[in-house]
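So you can see what is in the structure, the chains are spelled out below.
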Amino acid sequence: MPSPLFADRPAQPPESGAVDALISQARRLRGEVDAVRRDSAADEDDPQQRWQRALCDLAVHQLDDLGAHLDQLKAGLPGSAPTEAAPSDAAAAYARPVLDAVPGQRQTGSLLSRVGSAEWDLLTDDVHWSDELFQIFGRPHESGPMSLDELPSMVFAEDQPLLQAMVTDCLIDGKPIDGEFRIVRTDGRVRTVHMTGEPVLDADGCTASMWAVLRDVSELRRSERAVRETRDNLRRHQHIEHTERRVAVELQEAVLPPWRGSLRFAHDGPAPLDVAGHYLPAAAPGLIGGDWYDALALPDGDALLTVGDLTGHGVAATSSMAMVLGALRGMAVAGVRPGALLGHLNQLLETSVQPALGSAMCCRYDPATQLLTWSQAGHPAPLLFRDGTGRALGRPEGVLLGATTHAAYEEAATRLLPGDLLLLHTDGLTRTSGRPDDPAGTERLLGLGGRLATARDAQECVRAVLQEFGEGPREDDACVMVVRVGR
């Protein structure tokens, strides 16, 4: 009995030129995708790269299948009369031109070597399997094809009800077969098989036989599973990153100064301060670091002015920053001078659970004497603007916080005049060439002297700095604080 593969379906060969063009496009696209896959060496620690590599693998599998389908289309149906060929011979004849046209397909496990056909004759109990189907099941030819009753013995126990239901619906109700199940080959390997088929009816409309095509889709399903798993892992990773970022932002907002406009210290001395600060995030959304700025009125009438930056990003960096800033405020309130204060911070970072390096600037301003006393730990020097002209103050000695034990930090003192403007910042503000203290960036800051001199208040000065440095992507986060001495 002829297979429905050929029954009532006369061969209609497509135009060879159109198919050849599709084959060329598919092969070119396959090569380009494979090149992308080879070039994208997956970092096992990066879930996004693993997901992208899995997508490339899946695309290659699907393009291989597409190419084989097009080769089949080009080869066309066998020229022999279908009624004179046995079903198994017909199926083999259908696939063989493509296998011969594509060298090495059987050895590489291509689509065609993973597609087999079968027909079970209900009247004669004859069973016909194609050569490819024997390969899929790992069954030697001498063992012969399996009947419908024997077939479930190679199927996973969990999948046997599905197979039996599909076969029953096909034989009794005439429904087409379309489903997947897992088999255990004779060599013990597990494969996933997709089965499609339909009943073949006799002249009276009764089911005389059942024909099916079985395809080994194990590699395709494995690639799809890899895409799902890497995608789910990427989503979990993104969710964790989003949560950590939210926690880091909330922690940062909790410890940085709550004021956003100018802050005035209403001292009785002749030179009160007008202070404004701003935090500039990095371009990458996850790079919330340990930068800080702070201005605090102390009990003795002095003012604490500080900026700093701890290494690292995320919750660890912001929690360390909160610890350092809390310690700094406490020691300043207790009257500890800037040099000794940085020495204590250095010891704190050395003995903390999460060791870190950091740079810091600590200034103490006495409004009565207008004297600014300051120390630094590997930090850019303060910029002093007077009458529209800026200069960097000479830095006293001081190494990075956490870099060495028992470090000593020198102090420097500068007398400020009414109208003077002090600009403190972290190195991320001027980092344009990968250097922590870029001279070109410092020169750009000093070049703002004329605009800063005409600004109404400290907040307007900060806006001028942001107009110069706040636009465009930023490698690292940064802080800037402007302090103007009242007249």
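Calculation criteria
- Every chain begins its residue count from 1, and numbering advances along the sequence as written.
- Only residues with pLDDT of at least 70 are given local features in this predicted model, and only at 80 or more are side-chain atom pairs given and counted; all residues enter the totals for whole chains, interfaces and linings.
- Remark: hydrogens and water are excluded; side-chain values derive from all non-hydrogen atoms of the structure.
- Going along the chain from the N terminus, every DSSP run of H or I of four or more residues is numbered as a helix, and every run of E of two or more is numbered as a strand.
- Only protein chains enter the calculation, and the probe is 1.4 Å; a residue is then buried if its accessible area is under 20% of its type maximum, exposed if over 50%, and partly exposed in between.
- Any pair of residues with heavy atoms lying within 4.5 Å of one another is described as a contacting pair.
- A carboxyl oxygen of Asp or Glu within 4 Å of a side-chain nitrogen of Lys or Arg is what we treat as a salt bridge.
- The charged-residue count follows a simple rule in which Lys and Arg add positive charge and Asp and Glu add negative charge, with His and chain termini not counted at all.
- Under the rule applied, a polar contact is a pair of N or O atoms within 3.5 Å (in protein, one hydrogen donor and one hydrogen acceptor; residues adjacent in sequence only if both atoms are side-chain atoms).
- Only the stretch in contact is used when a helix axis is fitted, and all axes are lines through C-alpha atoms; the angle between N-to-C directions ranges over 0 to 180 degrees.
- Whether a crossing is left-handed or right-handed is set by the direction in which the near helix is turned from the far one by less than a right angle, anticlockwise for left-handed and clockwise for right-handed.
- Three residue categories are used. Nonpolar comprises Ala, Val, Leu, Ile, Met, Phe, Trp, Tyr, Cys and Pro, charged comprises Asp, Glu, Lys and Arg, and polar comprises the others, including Gly.
- For two strands to pair, DSSP has to find at least two bridges joining them.
- Per-residue confidence from the predictor is given as pLDDT, running between 0 and 100.

### Details of the overall build of the chain
A count of helices and strands for the chain gives 12 helices and 16 strands. Across the 487 residues in the chain, those meeting the buried criterion constitute 45%. By sequence separation, contacts in the chain at least 24 residues apart represent 64% of the contacts at least 6 residues apart.

### Details of the pattern of salt bridges
Under the definition given, this model contains 18 salt bridges. R221 is the partner of E180 in a salt bridge, and the nearest nitrogen-oxygen pair spans 2.3 Å. On the criterion of sequence distance, the pair formed by E180 in strand β3 (residues 177-184) and R221 in helix α7 (residues 218-255) is long-range, its members being 41 residues apart. Among the residues examined, E180 registers a relative accessible area of 26% and is labelled partly exposed. Of the charged contacts in the structure, one is a salt bridge between R456 and E460, with a shortest N-O distance of 3.2 Å. With a relative accessible area of 22%, E460 lands in the partly exposed category. Linked by salt bridges that have partners in common, R191, D216, E219 and R222 make up one network.

### Here we look at the side chain of R484
Take R484: it is sitting in strand β16 (residues 478-485). An unpaired buried charge is present at R484: no salt bridge exists, and D274, the closest side chain of opposite charge, is 4.4 Å distant. Here A455 takes part through its backbone oxygen, which lies 2.8 Å from a polar atom of the side chain of R484. Of the polar contacts made by the side chain of R484, one reaches the backbone oxygen of R456; its length is 2.3 Å. Setting aside residues no more than four positions away along its own chain, R484 makes contact with P272, L273, D274, G419, D420, L421, L452, A455, R456, D457 and A458.

### Overview of the packing of helix α8 (residues 315-333) against helix α9 (residues 338-351)
A packed helix pair is summarised by two numbers, namely the angle formed by the two axes and the spacing between the axes. It is at 10 Å that the axes of α8 and α9 come closest, and there the two elements cross at 145°. As for how α8 packs across α9, the hand of that crossing is right-handed. Along its contact with α8, which presents M323, V324, A327, L328, M331 and A332, the element α9 presents L341, H344, L345, L348 and L349. Residues of the contact of α8 with α9, tallied by class, amount to 10 nonpolar, 1 polar and no charged.

### Considering the sheet that holds strand β2 (residues 127-129)
A sheet is described by the order of its strands in space; here 5 strands give the open sequence β2-β1-β5-β4-β3, paired in antiparallel fashion. Since the sheet does not close on itself, it has two edges, and those belong to β2 and β3, each with one partner. Neighbour-to-neighbour, the strand axes of this sheet turn through a mean angle of 20°, independent of strand direction. Across 9 bridges, strand β4 (residues 190-201) lies against strand β5 (residues 207-216) in antiparallel orientation. Its bridge partner lying in β5, V193 is registered against D216. The strands that helix α6 (residues 160-173) touches are β3, β4 and β5; relative to β3, the one it contacts most, it runs at about 145°.

### Topic: the environment of E150
Tracing the backbone shows E150 in the loop between α5 (131-137) and α6. Exposure remark for E150: the relative accessible area of 39% places this residue in the partly exposed category. A distance of 3.0 Å separates a polar side-chain atom of E150 from the backbone nitrogen of S147.

### Description of the sheet that holds strand β14 (residues 412-415)
Taken together, 5 strands build an open sheet; the order of strands is β8-β9-β10-β11-β14 and the sheet is antiparallel. Here the strands that pair on one side only, and so sit at the sheet edges, are β8 (289-297) and β14. Within the sheet, the average angular offset between the axes of one strand and its neighbour, ignoring direction, is 15°.

### Focus on the confidence of the model for the chain
Mean pLDDT over the chain: 81, with 82% of residues reaching 70 or higher. Scored below 50 in pLDDT, residues 1-11 shows 23 contacts in the model against residues more than four places distant or in partner chains. Ignoring residues within four places in sequence, the model shows residues 77-112, a span with pLDDT below 50, making 50 contacts including any to other chains.

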